[in-house]
Amino acid sequence: MSETPDHAAEIAQMSRDGAKTQVETLSAQLERANLAYHQRDAPEISDAEYDRLKRRLQALEAAFPDLAVADSPTQHVGAAPADGFSKLRHEQRMMSLGNAFDDEDVTEFVKGIRKYLGLGPEDPLSFTAEPKIDGLSLSLRYKNGVLVYAATRGDGEVGENVTANARTISDIPSVLEGAPQELEVRGEVYMSHEDFAALNAAQEARGAKLFANPRNAAAGSLRQLDAQITAARPLRFFAYAWGVLSAPLAQTQTDAIARLSSLGFITNPLTKRCRSSVEMIRHYHQIEADRATLGYDIDGVVYKVDDLGLQQRLGFRSTTPRWAIAHKFPAELAWTKLEAIEIQVGRTGALSPVARLTPVTVGGVVVSNATLHNEDYIAGRDANGGDIRGGKDIREGDWVQVYRAGDVIPKVADVDLSRRPPEAVAFVFPTTCWKCGSDAIREEGDAVRRCSGGLICPAQQVEKLKHFVSRAAFDIDGLGAKQVEAFYHDGWIKEPADIFHLKKEYGPGQIRQLKNREGWGEKSADKLFDAIESCRHIPLPKVIFALGIRHVGEQTATLLGRHYGSWTAFEAAMTKADPQNGGEAWEDLLGIDGVGAVLAQSLVSTFHQDAERAAIDRLVKELDIEDAERPASTSEISGLTIVFTGTLEKMTRSEAKARAEAMGAKVSGSVSKKTDILVAGRGAGSKATKAADLGVRVIDEDDWITLAGHV
Ligand code: IVH
C-alpha cells in the first residue's frame, strides 16, 4: 500500500522545513509506539494507526530523501520488533526444589539423606543454609571467562534467551578472570523493595500498569523484548548454584560459593554452614527474624548438603535434587468477606468452586479470588469424611481467612462463625453443569464432581483450547486465553485443529477477516498467522501435553514422548492398549516408571472415545511432529532389568537403585527369566541360586561399581 496520489501531491508542495518537522514528529510517534509494543501488554495505538503513521513517514522520506536517517523507524526490518525471545536448551536441566514446611520436615530430610548414604548418627554431615530469594532463576553461560548467553529457567529444559537483557544487570559480570573454560552460573534475579517502590511510583506517574510485587516486577523487567527497558530497571542478581563446568569449582558448596564470589558474583551474606538439623533450624529462625530488614523478598531458607561429592552421590529425583530442600516460611494470612461462591468448569470437566472475595491485601498482593477446592472442603469434611476446621462449613456472606504461600493460588483456610450473617445458608453444590446442563457426577473415591458433557460442554471445549495454547503447550504468540475465548465465542474455533485453519478462513481475501476484528489490524493478524504456521512443527511431548488429557502433565508427557519416540508409535500403542484384557501394549504403558493405572486408563480411554479421537486425528493432520529424544542408550545397562540382593557395603540399596534407573535400567525386586543382571552383595541367598539356575549374569558389588561408574 502507498500514499494516495492526493497525499503525494500535498507532500510535493511542502517546504523542506515543514517536512522536516513532520518527519521528526512521526519518527518520535513511531518510536514511542514501538516501545509500547515491545512491552507487549501496553500498545498505545492501533495497528491501523501505526501503519498510517508509517506510510506517511515513508512518503515524506521518499519526497525528501535527505531527511531519511539511517535509524528511521521505516528502516527497522519489518518495523515490528523481534517476535518474542529465542529459546535456549539448558545443557543441564534446571531443577526446582522440594519443600519443607516445618521443623519436622527438616529433620526428616536430614535423616533421609543419612539413610540414603548409609551414614551412622555420629558420622559428620554438614549443610549450608541460605535465604531462598523470591525472584526468578537465571542461567549464565561463560566461555573462556566471557558471558556468552543468559537464559531463564523456562520449563527447566528450555528457557528464553535473555542475554541482551542480562548484560544490562550490573551484578552480572560480563568478563571473569580465572574462571573455568566452561562455566554456567545460576542464581536469582530480583528487585529490592526500594527499587520496586520507585519503579511503581514512576509507573503510576505515567499512568502505566503497576506491578503486584517485586518478583513480578523483576520478571516483567527481565522479559522485556527491548533490552533498553531492562537496562532502565534496577535488577540485581545473587549467584547460588552452577550447571555446566569444565573443572570443579571446589570440594564443598561453601567453597564453591566463595569461588563464585571471588570471580565477581554477588553471593548471599546470610549463607551459613551448619553441622546438624538443630543448627539449620536455628539459622532458619534467625533469617526469618531478619526478613523484614533485608530489603528484598525471600520466601524461605534453602539447605544444601555441603560436600559436593555427597551431592553427586545423592543426585536427583525427576525434578528435584535429593541433596537440597527449601524450608518455606509460613503462609501469609488475612480476613475478608466471601461475597460469592462461583463454580468454574475446567478442561477435564472438574467443577471447581472459587471464592469471590472483597479484595484484601495478603503479603503485599491484592487477592480477590481464592480456591475452595471441592464440595467437601466447603462442607468442612476431608477426603475420608473426617472434619476439617472443626466441621465448620463455608457460606456466602461469611468472614473467611485467606492465605497465600509464595506464588500458589490463594486459599480459604478458615471461617469466623461469630461474624456469620443470620441469613447465610449452607452452600448447595450443583449436581448439573451450569454451562451445558449435563449431569455433574462424582465418582466413588473422587473428591471432584465432573461435568459429564465431555466435548459437548462449551466450558470444557474452551478450557481445552486455552490449555492447548498455553505456554507449556503450543505457546502461540498473540493467541492467549482472551483471544481463544473471543474466537470460540464467535464460532471461529471449536477445537485445536481449527486454529490451523484460521488463515484459510479469516485471512487475506476472505469475507470475514481477522484484521478487521476489533483490536486487530493487518500487522497483528499477519503476525498471528505466522506464529500459527511456525507452531506446526512441534516436539512430540508438547503435543501429548497440549491434548489436555486428565492426569497428563508436562512431566508425564515428556516421559511418554521419550518412551514412544514418535507420534506414530505413541498413537499405535494407545490404540492397541487394552485395560480390560491387558496385553503387551497395556503392560508396556504401565511399565513406564511414573505411569500408574489411573493415568494409563485416562490416556487410553481418550484414544478410544470416537469424538475425542477424531478431534485428535484432525489436529495431527495439521502438524509436523518432531520425534522425541530417546533416553541415552549409551549406557551399558540401559534397557536392562537389574535385581539387587544381599548387603551392599559401599553404598545403600537406594543409591544403587537410583543410579541404575538414572542409567536407563529397570530395577526389579525379584529374579525371573526377564532379569538381565543380578548384583549380589554380601550374604546373597536364594536369589543368587535362582539366578544361577536361570543362567542370569551375576556380578558382585565391585563389578557393579565398575559398570555403573559410581562411588
Ligand atoms: S538452589 C537444584 N538456592 O528456588 C536446585 N534456589 O523453588 C538449585 N531459589 O528454581 C536451586 N533462592 O529459582 C537455590 N538460594 C537458593 C535459591 C533458589 C531461590 C529458587 C530457584 C529455584 C527455586 C526452587
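In this text, all values refer to a predicted model and were calculated from it rather than measured experimentally.

Each value, and the rule that gives it
- Residues numbered from 1 in each chain as written.
- Predicted model: local features only at pLDDT ≥ 70, side-chain atom pairs only at ≥ 80, totals over all residues.
- Heavy atoms only, no water.
- Phe/Tyr/Trp six-rings, centres within 6.5 Å; stacked < 30°, edge-to-face > 60°.
- Helix = DSSP H or I, 4+ residues; strand = E, 2+ residues; numbered from the N terminus.
- Buried < 20%, exposed > 50% of the residue type's maximum accessible area, 1.4 Å probe, protein only.
- Lys NZ or Arg CZ within 6 Å of the ring centre and 35° of its normal.
- Near = heavy atom within 4 Å.
- Polar contact = N/O pair within 3.5 Å; in protein donor to acceptor, adjacent residues only side chain to side chain.
- Areas by Shrake-Rupley, 256 points an atom, 1.4 Å probe, with all protein chains shown as cover.
- Contact = heavy atoms within 4.5 Å.
- Patch = residues over 30% accessible without salt bridge, like charges linked within 9 Å, V, L, I, M, F, W, Y side chains within 5 Å.
- Salt bridge = Lys/Arg side-chain N within 4 Å of Asp/Glu carboxyl O.
- Lys, Arg positive; Asp, Glu negative; His and termini not counted.
- Charge placed at Lys NZ, Arg CZ, Asp CG, Glu CD.
- Arc of directions from axis to C-beta.

Visitor: Mind showing me how you'd approach the packing of aromatic side chains here?
Guide: Geometry of an aromatic ring pair is reported as the spacing of the ring centres plus the angle between the planes. Tallied over the full model, the rule gives 18 aromatic pairs. Consider the rings of Y284 and F329, whose centres lie 5.3 Å apart with planes at 45°: the pair is tilted. Within this pair, whereas Y284 is found in helix α10 (residues 277-290), its partner F329 is found in the loop between β11 (324-328) and β12 (332-345), the two being separated by 45 residues in sequence. For the pair formed by Y284 and F329, the shared burial category is buried. The rings of F487, W492, Y506 and W520 are connected pair by pair, giving a single aromatic cluster. One Lys or Arg, R517, reaches over the ring of W492 and ends 4.6 Å from the middle of that ring.

Visitor: Quick question: what am I supposed to make of the site of the ligand here?
Guide: In the vicinity of the ligand, the residues found are M95, L97, E130, P131, K132, I133, S137, E188, Y240, V302, K304 and P321. Within the side chain of K132, one N or O atom sits 3.2 Å away from an oxygen atom of the ligand. I133 has a polar backbone atom sitting 3.0 Å from a nitrogen atom of the ligand. In isolation the ligand offers 530 Å² of accessible surface; the protein chains occlude 87% of this area. Elements represented by at least two residues in the shell around the ligand include exactly β3 (127-133) and β10 (298-305).

Visitor: Got a minute to help me understand helix α24 (residues 653-662) in this structure?
Guide: Residue pairs three or four apart in sequence face the same way in an α-helix, which turns once every 3.6 residues. Listed in full, the buried residues belonging to α24 are E655, A656, A658 and A660. Looking at the packing, one finds that the buried side of α24 touches α4 (103-117), α11 (308-314), β21 (641-645), β22 (666-668) and α26 (701-708). A positive phi of about 90° marks G664, the residue just after α24.

Visitor: Help me understand a negative patch on the surface, please; the structure alone is not making it clear to me.
Guide: A grouping of D624, E626, D627 and E629 is seen on the molecular surface, where their side chains present a negatively charged patch. Relative to the elements of secondary structure, D627 occurs in the loop between β20 (624-626) and β21. Residue classification places D627 among the exposed positions, given a relative accessible area of 51%.

Visitor: Sorry if this is basic, but what is going on with helix α20 (residues 567-576) here?
Guide: Taken as a whole, α20 has its buried residues at W567, F570, A573 and M574. Seen along its axis, α20 keeps its buried residues to an arc of 135°; they face one direction. Exposed and facing more than 90 degrees away from the buried side of α20 are T568 and K576. Packing partners of the buried residues in α20 comprise α18 (540-546), α19 (554-564), α21 (584-590), α22 (597-608), α23 (610-622) and β20.

Visitor: So what exactly am I meant to see when it comes to the pattern of salt bridges here?
Guide: When the charged atoms of two side chains with opposite charge come close together, those side chains can pair. With the rule as written, the count across this model stands at 43 salt bridges. When salt bridges that share partners are traced, they join E375, D376, R381, R442 and R449 into one network.

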